[in-house]
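# Close look at the chain arrangement
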Amino acid sequence: MAQLELHLDHDISWFLLPSYWAKIVVGLISFLCFANSYDGDFVFDDSEAIINNKDLRAETPLGDLWHHDFWGSKLSSNTSHKSYRPLTVLTFRLNYFFAGGFHPVGFHVINIILHSIICVLMVDVFSILLGGLQYSSKGRRLNLAPRASPLAALLFAVHPVHTECVAGIVGRADLLCGLFFLLSFLGYCKAFRENKEGNHFSVFWVLVSVLLGAIAMLCKEQGITVLGLNAVFDVLVISRLDILELVHKVLHKNKSLENVGLFRKGLLFRITLLLSGGVTILYIRWRIMGTGPPAFTEVDNPASFADSLFVRAINYNYYYSLNAWLLLCPWWLCFDWSMGCIPLIKSVSDWRIIALAALWFCLIGLICQALCSEDSHRRRILMLGLGFLIIPFLPASNLFFRVGFVVAERVIYLPSIGYCILFIYGFSLLSKQAKKKKILTAAILGILLINVMRCIIRSNQWRSEEQLFRSALSVCPLNAKVHYNVGKNLADKGNQTAAIKYYREAVRLNPKYVHAMNNLGNILKERNELREAEELLSLAVQIQPDFAAAWMNLGIVQNSLRRFEEAEQSYWTAIKHRKIYPDCYYNLGRLYADLNRHIDALNAWRNATVLKPEHSLAWNNMIILLDNTGNLAQAEAVGKEALELIPNDHSLMFSLANVLGKSQKYKESEALFLKAIKANPNAASYHGNLAVLYHRWGNLDLAKKHYEVSLKLDPTAPGTRENYNLLKRKLEQLQKKSNV
C-alpha cells in the first residue's frame, strides 16, 4: 500500500548508509553545528521570557502557568501577546529548578539536544515523505528512501536559519513544538501499521496523533498545523487521491466521486476526526486566551497597519519572498527584522516587486507540476513538499490574524521541512540529467559544509548580546531596534558615550521610538545634561501618553531641576498608568523628603515596600528618615521588619545598627555592625560607625582599630579623621594619667 516509485532514491546512488548509522551521523552533525552555543549567555528575548518571568520561580503556583502567556503576563491582560505556551515555560521552570537558579548552560544544552533528537526523527519522516509508507509482514516500517532521507535530514540539520531556535533559549518553543509535531505525524503513520489492503486503520493512533498535535500547540501555536498536514498526507499517500481528477469531477458534478477514493478506505472518517480534534483544540485555546486577539503596535508589523489593502497585500507577499530567500540563501541573518529593517513597498515601481514575481512564478510552476504531471511520484513529492512548506507557515502569514513581527527566522523551522523535500527532489532531477555526477555530488557536499560553517559562526554570535546585536548592524542598518540594543548593551557595560551615539541613531531612524528616547534621556540625566533629557522624555510621553517609565524618569529630571510640583505630577501620572510601580513610589518619597513632607515621604516608601517587599532602598530611607527626625523606636521597628523580609541585606543591618547605637543598645548594635562588615568588609562607613559605637561605649582600643581600618579604606571619609584624632587625644590623656 501507499508505495511511491523508487527512482527518486536511485538518482542519489552515492549516498547510502545503514539506517542506524544514518541516524548517528545526522544526530552527531546536528549536535556539533550548535555545540559552541552551550555556554552562551541569556540574550535578547531570554531576559523577558526567562530571567524576568516569575512563572519559573518556585513561589509561583504551577497552576498559574495555565493562565499566563509565554512572558509570564496574565492572558486576560490587554498587554498580553496571547502566546500561550505553558509546556515550554514548564521546561524552563524545570531547568531553573535543577540548575538552582538562572545558569544558562543547562538551558542551552537542552536546546541542542532537542534539535539533535528532531534531526534523528527527520530521517524517519523523510523516508516516509520521499519513499512512501509501507510495512513488512511483521509490522515493521520499510525505508524506501535509504539514500534520499538521510541526505534531506542532513540538509535540515545543518540549515543556518535554525540557529535562532537552537542557540536562542526562547527558541525552545519551536524545538518542542517541532518534536511533538513530528511525533504526531509518525503516530498518524502508525495508524496504518496493520493495514494490508488499505482498508483498515487504528482509530487509537489517529487519536494519539491528535493528542500529540494538541501538545505541540501547547509548546507553540504552529503545532496545530500538523493535523492539516496529516490530512494532506492521508489524501496523497494513504488514499492516493488524485487532486486534479477530484477537482475535475466536482466541477463537472460527476456522480462517481466514490471512484476517486473520497469515501473509500475510511478517509472521510479520519479527516472528520482530525477536523473535529483541531476545531476543539482551537476553541479551547481561544477561550483560555480570553477570546481577544493580541495587541501589537505599528513598529512590530508596519504592513498590517497600512490603510491600503494593496500595500498590505504587496508587503505580505514580499515578506513571504524574504522567508523563501532565507531558506535558499541563509547568509544574511538577523535577530530582529522590524523597525525599518524592511521598508514598506508603496508602489509598483519599487524594484522589490521582482522578488514577489519570482516567488509566485516558482510557486505557480511547482503547483502546476504537482497537479498536472503524469508522473504520480512527482505529483505526490511536490504536493507534500509544498504542503510542509506552506501549511506550518500559515499562522505567521498575517492571513488569519496580525502577527507581532515582520520576518522571524524561528517561524521557518518547520516549513524548512518542505524546503528540504523540494531541494532533494530538484537535486534528484539534476542528478538524473547530469553527465558528470561527481561535480553535482561535490556541489551538494559543498553546500552542506558551507551550512555547517555558517551554523558554527552564527551560533557563536548568539553566545553574547554584544556579538548578536553588532552582527545585525551590517544586515539591517536601517533597523532602529538594532541600534537601540547595541546602545543598551554598551550602557549596561558602563560605556555611556558610545551608547549615546547608538541611541541617537535609533531615534533618528525612528523618531517615534519612545524606548530609545527614554534610555537616552536616562543617560543624559546621569551626565547632568538635564535640559536635553527633559526634552526627550517630554517627547516620549507626548508620543505615548501611557509610557509609565518615561513619566517617572521625567519626574526625576524635573526634581533635579527643582520643579517640584511638575515632578510630583509626573510621578502620579506614572502611577496612574502603572498601578504596581514601587520604584515610582520610591522616587516620589524622595521628592517629599526633599520638601520636608515627612509623612508623605514615609507613606510613599511604605507603598513601595507593600508592592515590592524586597525594595531595600525604600526600607533604608524610611529607617534613615525616622532616625534623623528622632523617632528611634519607630525606626527600630521598621528596621527589624525590613530585616525579617530581607535578612541578608547589609545596608539595612548598617542603618538599624546606627539606630540601636543611638538608643544605647550597644550589644545589639555591635552584632549588626559586625554582620554588615562580614557581608561587605570594604565599606569604610561601616567600620567608621562601628568605631563611633565603640567610642561611645568606652571600648577605645576597638574604636581605634576600626577608625584605622575605615581611614585605610577611605582616607577622606567625612568625620572619621576628626573622631580618630579626638580618640587619640583621649588615649594620650589616659596614658598620662596612668603614668602619674
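What counts as what
Residues numbered from 1 in each chain as written. Predicted model: local features only at pLDDT ≥ 70, side-chain atom pairs only at ≥ 80, totals over all residues. Heavy atoms only, no water. UniProt positions renumbered as here; feature names shortened; annotations may be inferred. Disulfide = S-S within 2.5 Å. Helix = DSSP H or I, 4+ residues; strand = E, 2+ residues; numbered from the N terminus. Buried < 20%, exposed > 50% of the residue type's maximum accessible area, 1.4 Å probe, protein only. Patch = residues over 30% accessible without salt bridge, like charges linked within 9 Å, V, L, I, M, F, W, Y side chains within 5 Å. Areas by Shrake-Rupley, 256 points an atom, 1.4 Å probe, with all protein chains shown as cover. Salt bridge = Lys/Arg side-chain N within 4 Å of Asp/Glu carboxyl O. Axes fitted to C-alpha atoms, helices over the stretch in contact; angles between N-to-C directions. Parallel < 35°, antiparallel > 145°, perpendicular 65-115°, else oblique. Left-handed = near helix turned anticlockwise from the far one by under 90°. Contact = heavy atoms within 4.5 Å. Nonpolar A, V, L, I, M, F, W, Y, C, P; charged D, E, K, R; others polar. 1 Å grid on protein atoms, 1.4 Å probe; cavity = no way out; pocket = protein on both sides within 12 Å on 5 of 7 lines; lining within 4 Å. Points joined across faces, edges and corners; volume = space filled by probe spheres on them.

- The name given to the chain in an unreviewed UniProt entry is dolichyl-phosphate-mannose--protein mannosyltransferase, with Alligator mississippiensis as the source organism.
- You can read under Sequence similarities (unreviewed entry) in the UniProt record for the chain the words "Belongs to the TMTC family."
- Regarding the chain, the UniProt comment filed under Pathway (unreviewed entry) reads as follows: "Protein modification; protein glycosylation."

## Examining the state of the cysteines
- Scanning the model with the defined rule gives 1 disulfide in all.
- Between Cys341 and Cys476 runs a disulfide, and the two sulfur atoms are separated by 1.8 Å. With Cys341 in the loop between helix H13 (309–328) and helix H14 (353–372) and Cys476 in the loop between helix H18 (465–473) and helix H19 (480–492), this residue pair connects regions lying 135 residues apart in the sequence.
- Exposure remark for Cys341: the relative accessible area of 13% places this residue in the buried category.
- Since its relative accessible area comes to 2%, Cys476 is described here as buried.
- We note that Cys189 lacks a disulfide partner, and the nearest cysteine sulfur, in Cys177, lies 17 Å from it.

## Quick notes on a nonpolar patch on the surface
- On the surface, Leu28, Phe31, Leu32, Ile113 and Ile117 cluster together into a nonpolar patch covering about 440 Å² of accessible area.
- No other element matches the 3 residues that helix H2 (residues 19–34) contributes to the nonpolar patch.
- Take Leu28: it is sitting in helix H2.

## Examining the packing of helix H27 (residues 616–628) against helix H28 (residues 632–645)
- Direction vectors running N to C along H27 and H28 enclose 165 degrees, while the axes themselves pass 8 Å from each other. Considered as vectors, H27 and H28 are oriented roughly antiparallel to each other. Where H27 crosses over H28, the two elements pack in a sense that is left-handed. Where H27 abuts H28, its residues Trp619, Met622, Ile623, Leu626 and Asp627 lie against Leu632, Gln634, Ala635, Val638, Gly639, Glu641, Ala642 and Leu645.
- Looking at side-chain class alone, the contact of H27 with H28 contains 9 nonpolar, 2 polar and 2 charged residues.

## As for the layout of surface pockets
- Its boundaries defined by the atoms lining it, the second largest pocket holds a volume of some 1,500 Å³.
- If you trace the second largest pocket, you find 49 residues lining it, with Ala324, Trp325, Leu328, Leu359 and Tyr419 closest to the centre.
- The set of elements that each furnish at least two residues to the lining of the second largest pocket consists of H13, H14, helix H15 (376–390), helix H16 (416–433) and helix H17 (437–461).
- Top contributing element to the lining of the second largest pocket by residue count: H14, with 11 residues.

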